[in-house]
Amino acid sequence: MSARTQKFLCGLENKTLAPYAVHAGALRGRRYPETPHPYRTEFQRDRDRILHSQAFRRLEYKTQVFLSTTGDHLRNRLTHTIEVAGIARTIARSLGLNEDLTEAIALAHDLGHTPFGHAGERALHSLMEGHGGFDHNLQAIRVVDLLEKKYPAYDGINLTWETRAGLIKHRSPLHPPVLDGAELAPAPCLEAQAADLADDLTYYGHDVDDGLDAGIITEDMLDGIAIWRMAAEETKSLGLKRGDGKFLTYTVRALINRMVGDAIETSAKLIDASGVKAPGDAPAKGMTLIAWSQEFQVLTSELRTFLYENLYFSQELNKLNQLSKDRMSFLFETFVKHPELAGSQVRRRMETDGIHRAVTDYIAGMTDVFAICEYHRLK
Ligand code: MG
């Protein structure tokens, strides 16, 4: 046999993907042009560049909800990311979207996250008030465009425009985000929409799991939540009873499966009804087509509110969040005053981007473990 070349794989995409999917053979391309790889499409290359980046490896020691390394079974940002990528691929494949692009966006979606989860992000945003603020989605672009160092001729990992644009989630029609000097369309491509919905449903599912595991939320509390009761009914129909060893783990599984199933079925109908024919159609018209049904929007928003009230802002986590905020503030103020105590990249970056942005890049890139060590070293 002869090996399947990049050209062959692009031809295969043209035959198998839906007309509204982004095709790897028809791209806006990279900031620094490169010759095609013999065996990988451009989005396969993007995915591999993300997997091989330092920022990706650091996700292992960054908080998802619970501080990194505090429990053997609790998610960190790396395991969260891998779960998102798996679910995003399922959604993409079932809708005829470009699975490689979806996977690349999903794998990169949290590369800009700070240590200490959302508490860390909120702290950094308020410390950066008056200096441009902080947003983890935009930070992911800085990571892949600037902060990763590997290629001799340029900074960053030179991803395709499509993957980079897919990382910018928030599209305000009044203030459209700009990439490479041009305004972005009012909605992301459908592949990015699939990665985004996969992110939400993945964390709803695994945060319930982790919250139960950590003992912060209980089954009794979840009994008040309609979507949990639906999933638990499914578990009961298989003969498992509350208190059985597999009851909770299977119910979490059923919960995720229902959210994925509804997303696929609803999105297929929305795509049909929309009349989109080309990959640029949905973005140009500002259409969100990867979505839950009305019923599941209500069900999942009840679950989301429950998680905010009982897990993310629970007393147990609030104490930790306050500690994280204090550590972030201390690190930020110390490095702004004494850039000589930070890494050499900060001193180089402060000349082009100013001291505040340079310190923010440095701190945002830290793992929980490194940030805590630095805090103790400098305190
Ligand atoms: Mg995420």
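This text follows the structure it describes.
Structural notes, computed from the coordinates. Predicted model, so just to flag it, every value in this text is computed and none were measured.

**Considering the overall build of the protein**
Okay, so step 1: Helix and strand content of the protein: 17 helices and two strands.
Okay, so step 2: If you line up the protein on its principal axes, its C-alpha atoms span 65 × 55 × 50 Å.
Okay, so step 3: Considering only contacts within the protein whose residues lie at least 6 apart along the sequence, 69% involve residues at least 24 apart.
Okay, so step 4: Surface accessibility of the protein: about 17,600 Å² in total, with carbon and sulfur atoms responsible for 54%.
Okay, so step 5: For the protein, the distance from the average position of its 45 positive side-chain charges to the average position of its 51 negative side-chain charges is 4 Å.

**Focus on the packing of helix 7 (residues 136–147) against helix 16 (residues 344–365)**
Okay, so step 1: As a packed pair, helix 7 and helix 16 sit with axes 12 Å apart at the nearest point and diverge in direction by 135°. Comparing their axes, helix 16 and helix 7 come out oblique. The handedness of the crossing between helix 7 and helix 16 comes out as left-handed. Packed against helix 7, whose contacting residues are Q139, R142, L146 and L147, the element helix 16 presents Q345, R349, D353, R357, D361 and A364 at the interface.

**Overview of the coordination of the magnesium ion**
Okay, so step 1: Within the protein, the atoms that donate to the magnesium ion are H80 (NE2), H109 (NE2), D110 (OD) and D199 (OD), at distances of 2.1 to 2.6 Å.
Okay, so step 2: Donor residues binding the magnesium ion come from one chain and are separated in sequence as H-x28-H-D-x88-D. One end of the pair, H80, is in helix 4 (residues 77–94); the other, D110, is in the loop between helix 5 (99–108) and helix 6 (117–127), with 30 residues separating them in the sequence.

**A closer look at the packing of helix 15 (residues 315–337) against helix 16**
Two quantities define a packed helix pair, namely the angle between the axes and the distance from one axis to the other.
Okay, so step 1: Between helix 15 and helix 16, the shortest axis-to-axis distance is 10 Å and the interhelical angle comes to 135°. The angle between helix 15 and helix 16 falls in the class oblique. Our pair here, helix 15 against helix 16, has a crossing hand that is right-handed. Listed contacts from helix 16 to M328, L331, F332, F335 and V336 of helix 15 are I355, H356, V359, T360, Y362 and I363.
Okay, so step 2: Of the residues assigned to the contact of helix 15 with helix 16, the class counts are nine nonpolar, two polar and no charged.

Analysis parameters
Residues numbered from 1 in each chain as written. Predicted model: local features only at pLDDT ≥ 70, side-chain atom pairs only at ≥ 80, totals over all residues. Heavy atoms only, no water. Helix = DSSP H or I, 4+ residues; strand = E, 2+ residues; numbered from the N terminus. Contact = heavy atoms within 4.5 Å. Areas by Shrake-Rupley, 256 points an atom, 1.4 Å probe, with all protein chains shown as cover. Lys, Arg positive; Asp, Glu negative; His and termini not counted. Charge placed at Lys NZ, Arg CZ, Asp CG, Glu CD. Axes fitted to C-alpha atoms, helices over the stretch in contact; angles between N-to-C directions. Parallel < 35°, antiparallel > 145°, perpendicular 65-115°, else oblique. Left-handed = near helix turned anticlockwise from the far one by under 90°. Donors = N, O, S within 2.8 Å, 3.2 Å for Na, K, Ca; no water. Nonpolar A, V, L, I, M, F, W, Y, C, P; charged D, E, K, R; others polar.

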